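Topology and contacts: notes
Now for the letters of each chain:
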Amino acid sequence: VLDVGCGRGMGAIMALQTSADALVAGIDIWRKRDQSGNDPHAALQNAQEANVADRLDLATADMSRLPFADASFDLAVLHLILAVVPEPADCFAEVARILRPGGQVLVFDKFLRHGQTAPLRRLANPLLRRVATRLDVVFEKLLSAAPALRVEHDQPALVGGWFRMIRLRKIG
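Below is a short write-up of the structure. (Residues numbered from 1 in each chain as written. Predicted model: local features only at pLDDT ≥ 70, side-chain atom pairs only at ≥ 80, totals over all residues. Heavy atoms only, no water.)

Before going further, it helps to spend a moment on the overall build of the chain. Counting its regular elements, the chain contains five helices and seven strands. In the chain, the succession of α and β elements from N to C terminus is β-α-β-α-β-β-α-β-α-α-β-β. Taking all 172 residues of the chain together, 42% fall into the buried category. For the chain, contacts bridging at least 24 residues in sequence account for 69% of all contacts bridging at least 6. (Helix = DSSP H or I, 4+ residues; strand = E, 2+ residues; numbered from the N terminus. Buried < 20%, exposed > 50% of the residue type's maximum accessible area, 1.4 Å probe, protein only. Contact = heavy atoms within 4.5 Å.)

Next up on the list: the environment of Pro40. One can find Pro40 in helix H2 (residues 40–49). Taking the C-alpha atoms as reference points, Pro40 and Gly7, separated by 33 residues in sequence, lie 7.5 Å from one another. Other than its neighbours up to four places away in sequence, Pro40 contacts Trp30 and Leu58.

Bridge count between strand S5 (residues 99–110) and strand S7 (residues 163–170): seven bridges; the pairing is antiparallel. Across the sheet, the residue bridging to Leu106 is Arg167, located in S7. Both strand S6 (residues 149–157) and S7 contribute to a ladder of eight bridges, which runs antiparallel. Counterpart to Gln155 in the pairing with S7 is Met165. (Pairing = 2+ DSSP bridges.)

Two side chains bearing opposite charge may form a pair once their charged atoms approach each other closely. Under the definition given, this model contains nine salt bridges. Across the salt bridge formed by Lys110 and Asp109, the nearest N and O atoms sit 3.5 Å from each other. In this structure Lys110 comes out as buried when scored by relative accessible area, which is 13%. A salt bridge links Asp154 to Arg164; the nearest nitrogen and oxygen atoms lie 2.5 Å apart. Taken as a pair, Asp154 in strand S6 and Arg164 in strand S7 lie far apart in primary sequence, ten residues in all. When salt bridges that share partners are traced, they join Asp70, Glu94 and Arg97 into one network. (Salt bridge = Lys/Arg side-chain N within 4 Å of Asp/Glu carboxyl O.)

Judged by nonpolar contacts, the single largest core of 30 residues is most densely connected at Leu2, Val4, Leu78, Leu82, Phe92 and Val107. Counting residues per element, the ones that place at least two in this core are strand S1 (2–4), strand S2 (24–28), strand S4 (73–79), helix H3 (88–98), S5, helix H5 (139–143) and S7. In terms of residue count, H3 provides more of this core than any other element does, five residues in total. Setting aside anything within four residues of it in sequence, one finds Leu2 in contact with Ala25, Ile27, Leu66, Phe68, Phe73, Leu75, Ala76, Val77 and Ile98. One finds Ala12, Ile13, Ala22 and Ala47 within the second-largest nonpolar core, a separate group that totals eight residues. (Core = buried A, V, L, I, M, F, W, Y, C linked by side-chain atoms within 4.5 Å.)

Further remarks concern the pairing of S2. Of all five residues in S2, five are buried, a share of seventy percent or more. Of the two faces of S2, the one holding Val24, Gly26 and Asp28 and the one holding Ala25 and Ile27 are both buried throughout. Note on the crossover from S1 through helix H1 (residues 10–18) to S2: the handedness is right-handed. (Right-handed = clockwise from strand over helix to strand, strands pointing away.)

Locating Arg55 in the fold gives a position in the loop between H2 and strand S3 (56–60). For the buried Arg55, which has no salt bridge, the nearest side chain bearing the opposite charge is Asp54, at an N-O separation of 4.5 Å. Among all residues touching Arg55, those that are not within four sequence positions of it are Leu16, Ser19, Ala20, Asp21, Ala22, Leu23 and Val24. (Lys, Arg positive; Asp, Glu negative; His and termini not counted.)

Within the secondary structure layout, Leu142 lies in helix H5. Residue Leu142 is classed as buried on the basis of its relative accessible area, which comes to 5%. A sequence separation of 60 residues divides Leu142 from Leu82, and the C-alpha atoms of the two residues are 9.4 Å apart. Sequence-distant contacts of Leu142, defined by excluding residues within four places in its chain, comprise Leu82, Pro88, Ala89, Phe92, Phe111 and Val137.

This is how it looks when you write it as structure tokens:
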């Protein structure tokens, strides 16, 4: 399992607690401005407290240039990361690259739908993207960066469907 933008490690820990056989690689650039307490030492301490640190490998990595071989993961988790990385399409393409055929991607983030105007979100985006998050990411545009990924499930969640839970599978 690859946890992209793992922060303090809570998603990775949950995956490790769910499966006794799981091994998780957690990557982040560890910027405190992205998340208070965002630090690999905090993630490791949380994993130690949960008794799963022996199955968690943490690394500092640019999400648009993942330091892993092609087809090396069965599952990638992207929790609130595509709206904060500078180039979400590059990140998404890299996730597709490191997945094995049949592997899955789980995404939870805020997205505009294709063709959605959302004038207030677009108006606020230039300011908010500098201090917190982008408000203009259209998930359907990201799919063109990863043609081997197919959407299996896309469910609206939170704030009238602004957030979405999406599961994809790599074909081929």
